[in-house]
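So you can see what is in the structure, the chains are spelled out below.
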Amino acid sequence: MRQDLANNYFREGVVAINEKKYDSATYFLNKSLEMDQNYYDAYLMLSFIGLMTGNYISSQSFAEKCLKVNPNSVDCMVAYADSLQLSKQYPQAIEQYKKILEKEPNKKNLVYKD
């Protein structure tokens, strides 16, 4: 039952993201995490919201939580690396991108921005 609620809240959060309603998305994704603290996709989406809204500290925090729950998720690793890079923590970002490329050498959507 709790997992069904978590999934429903998550889906509502994704709909809100697609509509660029980031406050609503944040609400629904946090509700999904209340139901399931290990819902790494919710952490990932919250990290993406931080990236999209320029809140890189928040993005980094949620990406770290995502990695704590699912340390092998390349998507979580990319969100973390992007948040580091956009907050101008370049050496740490470069190290994270290197880890990503070790896991997935053919990853083509990694872009360094300055």
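Caption draft 1: View of the packing of aromatic side chains. Under the counting rule described, the total for this entry stands at three aromatic pairs. An aromatic cluster of at least three residues, connected via ring pairs, comprises Tyr9, Tyr27 and Phe28.

Caption draft 2: Region of interest: the state of the cysteines. Tallied over the entire structure, the rule returns one disulfide. Shown here is the disulfide that connects Cys66 with Cys76, its sulfur atoms set 1.7 Å apart. Residue Cys66 is found in helix α4 (residues 56-69), and its partner Cys76 is found in helix α5 (residues 74-86); the two are separated by 10 residues along the sequence. Neither Cys66 nor Cys76 differs from the other in exposure class; each is buried.

Caption draft 3: Examining the packing of helix α1 (residues 2-18) against helix α3 (residues 40-53) more closely. Running from N to C, α1 and α3 cross one another at 20°; their axes reach a closest spacing of 11 Å. Taken together, the axes of α1 and α3 are roughly parallel relative to one another. The interaxial crossing formed by α1 with α3 has left-handed handedness. Along its contact with α1, which presents Phe10, Val14 and Ile17, the element α3 presents Asp41, Ala42, Met45, Ile49 and Met52. Residues of the contact of α1 with α3, tallied by class, amount to seven nonpolar, no polar and one charged.

Caption draft 4: Spotlight on the packing of α3 against α5. Orientation of α3 relative to α5, taken along the N-to-C sense of each, is 25°, at an axis distance of 10 Å. If you check the angle between α3 and α5, you find them roughly parallel. Seen from above, α3 lies across α5 with left-handed handedness. The residues of α5 that touch α3, namely those facing Tyr40, Leu44, Ser47, Phe48 and Leu51, are Asp75, Cys76, Ala79, Asp82, Ser83 and Leu86. When the residues that make up the contact of α3 with α5 are grouped by side-chain class, the tally is seven nonpolar, two polar and two charged.

Caption draft 5: Focus on the nonpolar core. If you look at the biggest cluster of nonpolar residues, it comprises 31 residues, and the most contacted ones within it are Ile17, Leu29, Ile49 and Ile100. When contributions to this core are tallied by element, the ones reaching two or more residues are α1, α2 (22-35), α3, α4, α5 and α6 (90-103). Among the elements that make up this core, the one with the highest residue count is α5 (eight residues). Sequence-distant contacts of Ile17, that is, excluding residues within four places in its chain, are made with Tyr22, Ala25, Leu29, Met45, Ile49 and Met52.

Caption draft 6: A look at α5. For α5, which comprises 13 residues, the first-to-last C-alpha distance of 18 Å matches the rise-based estimate of 18 Å (1.5 Å per residue) to within 8%. When you tally the buried positions in α5, you get 10 out of 13 residues, the bulk of the element. Among all positions in α5, only Val74, Cys76, Met77, Val78, Ala79, Tyr80, Ala81, Ser83, Leu84 and Gln85 are buried. Tucked into the core, α5 has its buried residues touching α3, α4 and α6. Positive backbone phi, approximately 65°, marks Lys88, located one or two places after α5.

Thresholds, definitions, all that
Residues numbered from 1 in each chain as written. Predicted model: local features only at pLDDT ≥ 70, side-chain atom pairs only at ≥ 80, totals over all residues. Heavy atoms only, no water. Phe/Tyr/Trp six-rings, centres within 6.5 Å; stacked < 30°, edge-to-face > 60°. Disulfide = S-S within 2.5 Å. Helix = DSSP H or I, 4+ residues; strand = E, 2+ residues; numbered from the N terminus. Buried < 20%, exposed > 50% of the residue type's maximum accessible area, 1.4 Å probe, protein only. Axes fitted to C-alpha atoms, helices over the stretch in contact; angles between N-to-C directions. Parallel < 35°, antiparallel > 145°, perpendicular 65-115°, else oblique. Left-handed = near helix turned anticlockwise from the far one by under 90°. Contact = heavy atoms within 4.5 Å. Nonpolar A, V, L, I, M, F, W, Y, C, P; charged D, E, K, R; others polar. Core = buried A, V, L, I, M, F, W, Y, C linked by side-chain atoms within 4.5 Å. Expected span 1.5 Å × (residues − 1).

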